[in-house]
Amino acid sequence: MPSPYRALFAAPGSAAFSAAGLVGRMPLSMMGIGIVTMISQLTGRYGLAGALSATLALSAALLGPQISRLVDQYGQRRVLRPATLVALAAAAVLLPAAHHGWPDWVLFVCAAGIGAVPSLGAMIRARWAAIYRDTPRLHTAYSFESVVDELCFIFGPILSIGLSTRWFPEAGPLLAACFLAAGVLWLTSQRATEPPPHPRAGRGGGSALRAPGLQVLVGTFAATGAIFGAVDVVTVAFADEQGHKGAASLVLALYATGSCLAGLLFGLVRFAGAPERRWFLGICAMAVSMIPFLLVGNLPSLAVALFLAGLSVAPTMITTMGLIEQHVPRAKLTEGMTWVSTGLAVGVALGSSVSGWVIDASGARAGYGVPVVSGAVAVAVGLLGYRRLSRPVTRREGLHEHHSEREQRHGERRTGLGEVRPEAAGYGEDRDGENRPVA
C-alpha cells in the first residue's frame, strides 16, 4: 500500500472500523442486482425485477437520511442495530415469497423494508472526519473509502450473480443479508472511534438538505444514479441475450475495477484550485463515457467500454465528499453524506425501472440509451447549479459549533481517540497542512 494510505492507519482502531465498513457495504452492490437476478431466474420478468430493485432504492432514499439524522443525534450504535434488524427481517420474508410465487405486492413490501439498511459508507467517512478533519489526510481517507466502495462493486456482483445463477436463485440476496448483519455488528461494537453524537442538532436548523450546495450535489447524483441503475440491469439482460448471463458479474466487475484504480491514484495527488471545477469535469467525463455503450455488439467490447467508463466514477465521488464537508455543518455531516447516497438511490430506482421496461419492450441494446440520457441530465443539472457550489457554508457554521463544543469541554477539543488537536493550542492547519495561528 502506498505510504499516504499506510499513514492513515496510524490512528488506533482505524483499520478495524474500515474493515467492518467493507463487510457491511457488500450488500450495497449485492442486494439490488441479486434481486434482479433472483426474480429474472424465477419468473423471467425483467420489468418486475427492475421495479423491485427500484422500490428498494426508493425506500433507501426515503429512510436513509432519517436514519443518518438519528445517528448524528444519538450515535451510531443506538440507531444502526435496530435499523439493520428491520432490513434483515424484510429480507427474511422476501426470499421465500419469491421462491413460492407469493403475490407481487408482498415482494414490493419486503423490498421497501430492506430499504431500512443504513448507509455504512457515510458512517465510516464520519469516523475518518472525526480523526482527520481539516487535514490533508482526510482527502486520502475519502479516496481510500471510495476504493473500498469499488472493491465492493467488483466482488459483490460476482458473488451475487454467480451464486444465484450457479447455486440457487436466492443465494445472492441471502449472502448480502449475512454480510450486512456481520458488518453492522462489528462496526457498532467499536465504541472508541464512534463520533460523538450531537443531540442539539435535531432541535434546530432543519435538515442538512437546506444547504443550497448540497441540493446541487443531490440533484446531480440522482441523474448519476440512473446511470448506475440502468447499467446494472441492462448489462445482465445484454449478457443473457448473448447466451452468457453468468458473465454479467465479471463484466460489471470491470466497471468497478476502472473506478477502483482511478480512485487509488486520485488519492495520491494533492490538487490546487477549486474542487467544484474538478467535480463538474468529472460529471462531464461520466456522461461522455456512456456514449460508447450504444455501439457495443458483444461482451468483450462491452467490457472495455465499462472499464473506461469506470475511470471517472471514483474521482468524482471523492471530490463530492470533500464538497459536502464545505456545505454541511459538522453536526449534520453523516446526514449530508447520506443525502448524496439518497440522490444516487433515487437515480438507481429510476434507471433500473426505466431500463427494465425498455428491455422488455425493445431489447437490451436499446436499454443502453437510458444511461446516455441520464448522463446528459447530470451535466445539465450540474451546470445550472454550479455557482451554488462556489459558496461554502461549513467554515462559518463549523467554527460556531466548534466554539460551542470547546466551551462544553472546558477549553479542550479532542478527537474520538483522545488526541488533542493543534487548534486546542491556538493553531490550526491550513489547506496545505501547515500549522498557522487561528483566532
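Keep in mind that what you see is a predicted model, and the values were worked out from it rather than measured.

Participant: How do you make sense of helix α8 (residues 171–188) when you look at a structure like this?
Facilitator: Residues lying three or four places apart along an α-helix face the same way, a consequence of the helix completing one turn every 3.6 residues. With 18 residues, α8 ought to run about 26 Å at 1.5 Å a step, and its terminal C-alpha atoms sit 26 Å apart, in line with that. Those residues of α8 lying buried are Ala171, Gly172, Pro173, Ala176, Ala177, Leu180, Gly183, Val184, Leu187 and Thr188. Here the buried face of α8 lies against α2 (14–43), α4 (76–99), α6 (120–132) and α7 (137–166).

Participant: Before we go on, may I ask you to explain the environment of Leu268 in this structure?
Facilitator: Turning to its location among the elements, Leu268 is positioned in the loop between α10 (248–266) and α11 (275–288). Assessed through its relative accessible area of 35%, Leu268 is described here as partly exposed. As for Leu268 and Ser143, which are separated by 125 residues in sequence, their C-alpha atoms are 8.5 Å apart.

Participant: Explain the packing of α10 against helix α12 (residues 299–310) here, please?
Facilitator: How two helices pack is summed up by the angle between their axes together with the distance between the axes. For the pair α10 and α12, interaxial distance at closest approach is 6 Å and the crossing angle is 25 degrees. Accordingly, the angle class assigned to the pair α10 and α12 is roughly parallel. Two packed elements cross with a definite hand, and for α10 against α12 that hand is right-handed. Contacts from Val251, Leu252, Leu254, Tyr255, Thr257, Gly258, Ser259 and Leu261 in α10 reach Leu299, Leu302, Ala303, Leu306, Phe307, Ala309 and Gly310 in α12. Classifying every residue of the contact of α10 with α12 by side-chain character gives 11 nonpolar, four polar and no charged.

Participant: Teacher, can you tell me more about the packing of aromatic side chains here?
Facilitator: The geometry of an aromatic ring pair comes down to the distance between the two centres and the angle between the two planes. The full count for this structure, using the stated rule, is seven aromatic pairs. Look at Phe9 and Phe144: their rings are 5.2 Å apart centre to centre, the planes differ by 80 degrees, and that puts the pair in the edge-to-face class. Here Phe9, found in the loop between α1 (3–8) and α2, pairs with Phe144, found in helix α7; they are 135 residues apart in sequence, far enough to count as distant. Among the residues examined, Phe144 registers a relative accessible area of 14% and is labelled buried. Each residue in the set Phe9, Phe17, Trp128, Tyr132 and Phe144 is aromatic and connected to the rest through ring pairs, giving one cluster.

Cut-offs and rules
Residue numbering note: each chain is counted from 1, following its sequence as written. Residues qualify for local features only when their pLDDT is at least 70, as the model is predicted, and side-chain atom pairs are given and counted only at 80 or more; totals for whole chains, interfaces and linings, by contrast, use all residues. Hydrogen atoms and water are omitted, and side-chain values are computed over all heavy atoms in the structure. For helices the rule is a DSSP run of H or I covering at least 4 residues; for strands it is a run of E covering at least 2, with both sets numbered from the N terminus onward. One less than the residue count of a helix, multiplied by 1.5 Å, gives the span that helix is expected to have. For every residue, the accessible area (1.4 Å probe, protein chains only) is compared with the maximum for its type, and the residue is labelled buried under 20%, exposed over 50%, or partly exposed between those bounds. Whether two residues are in contact is decided by their heavy atoms: any pair within 4.5 Å suffices. An axis is simply a line fitted to the C-alpha atoms; with a helix, the fit covers only the stretch in contact. Between two such axes, the angle follows the N-to-C directions and lies from 0 to 180 degrees. Roughly parallel covers angles under 35 degrees, roughly antiparallel covers those over 145, roughly perpendicular covers 65 to 115, and oblique covers all other angles. Crossing handedness follows the turn of the near helix against the far one: under a right angle anticlockwise gives a left-handed crossing, and clockwise gives a right-handed one. Nonpolar residues are Ala, Val, Leu, Ile, Met, Phe, Trp, Tyr, Cys and Pro. Charged residues are Asp, Glu, Lys and Arg, and all others, Gly as well, are polar. Each aromatic pair joins two rings of Phe, Tyr and Trp (for Trp, the six-membered one) with centres within 6.5 Å, and gets the label stacked for planes under 30 degrees apart, edge-to-face for over 60, and tilted for any other angle.

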